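Understanding the architecture of this molecule
For reference, the chains in residue letters:
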Amino acid sequence: MYALDALKTMRIGEVLEVIADCPQSFRSVPEEAVKHGYELVEEPEKDGQDIYFYIKVVK
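Worth saying up front: this structure is predicted, and the values here are computed from it rather than measured.

On to the overall build of the protein chain. Of the regular secondary structure elements, the protein chain holds two helices and four strands. Tracing the protein chain from N to C terminus, the helices and strands come up as α-β-α-β-β-β. When the backbone C-alpha atoms are referred to their principal axes, the protein chain occupies close to 30 × 15 × 15 Å. Here the protein chain, with 59 residues, has 31% of them falling under the buried criterion. For the protein chain, contacts bridging at least 24 residues in sequence account for 60% of all contacts bridging at least 6. Placing the 7 positive and 12 negative side-chain charges of the protein chain at their respective mean positions leaves the two points 9 Å apart.

So, in C-alpha cells, the structure goes:
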C-alpha cells in the first residue's frame, strides 16, 4: 500500500487523503492504517466508485 510509504514521511498531526476505487479497500485501508499505528480521522466516504479515507499520523 503506497499510502503507508507516504505516511512514513509525514509529521505528527498531518492527515493523508487516500482515494481508492477497489471495494476491498473499504475494509483493508483502515485495518492496515490502524495496524501500523495511524488513526482514521473519520469513516470512509464513498462517492460513486471512489472511496475516500483520511488517515492521521499520531506517532
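Quick look at the packing of aromatic side chains now. The description of two aromatic rings rests on the distance between their centres and on the angle between their planes. Summed over the entire model, instances satisfying the criterion amount to zero aromatic pairs. The ring of Tyr38 has Lys59 sitting right over it, with the charged end atom 5.5 Å from the ring centre.

Take the environment of Val15 next. Its place among the elements puts Val15 in strand S1 (residues 15-20). Sequence-wise, Val15 and Ile51 are 36 residues apart; in three dimensions their C-alpha atoms are separated by 16 Å. With residues up to four places along the chain from it excluded, the contact list for Val15 reads Met10, Val41, Tyr54, Ile55 and Lys56.

Okay, the pattern of salt bridges next. The final tally for this structure, using the stated rule, is two salt bridges. Its salt-bridge partner being Lys35, residue Glu32 comes within 3.6 Å of it at the nearest N-O pair. Taken together, the positions of Glu32 and Lys35, both in helix H2 (residues 25-35) and three residues apart, correspond to about one turn of that helix. Judged by relative accessible area, Glu32 falls into the partly exposed class, the value being 25%. Owing to a relative accessible area of 61%, Lys35 belongs among the exposed residues under this scheme.

Time to look at the pairing of strand S4 (residues 50-56). Sheet faces and side chains relate simply in a regular strand, where the side chains alternate between the two faces. With six bridges connecting them, S1 and S4 associate as antiparallel partners. By the bridge assignment, Ile19 is partnered in S4 with Tyr52. Sheet topology note: the strand S2 (residues 39-40)/S4 ladder contains two bridges and is antiparallel. Each bridged residue has a counterpart across the sheet, and for Leu40 the counterpart in S4 is Ile55.

Definitions and cut-offs
By convention here, each chain's residues receive numbers from 1 onward along its written sequence. Local features in this predicted model are restricted to residues of pLDDT 70 or higher, and side-chain atom pairs are both shown and tallied only at a pLDDT of 80 or more, whereas totals for entire chains, interfaces and linings draw on every residue. With hydrogens and water set aside, each side-chain value is computed from the structure's full complement of heavy atoms. Starting at the N terminus, helices and strands are each numbered in turn, a helix being any DSSP run of H or I of at least four residues and a strand any DSSP run of E of at least two. For each residue, the accessible area found with a 1.4 Å probe, counting protein chains only, is set against the maximum for its type, and the residue is called buried under 20%, exposed over 50%, and partly exposed in between. Should any heavy atoms of two residues lie within 4.5 Å, those residues are counted as being in contact. In this count, Lys and Arg are taken as positive residues and Asp and Glu as negative ones, while His and the chain termini are left out. To locate a charge, take atom NZ for lysine, CZ for arginine, CG for aspartate or CD for glutamate. Only centres within 6.5 Å qualify two rings of Phe, Tyr or Trp (six-membered ring in Trp) as a pair; their planes then separate them into stacked at under 30 degrees, edge-to-face at over 60, and tilted for everything else. As a reminder, the over-ring test applies to NZ of lysine and CZ of arginine, requiring each to be within 6 Å of the ring centre and within 35 degrees of the ring normal. A pair is scored as a salt bridge if a Lys or Arg side-chain nitrogen falls within 4 Å of a carboxyl oxygen belonging to Asp or Glu. Pairing between two strands requires that DSSP report at least two bridges joining them.

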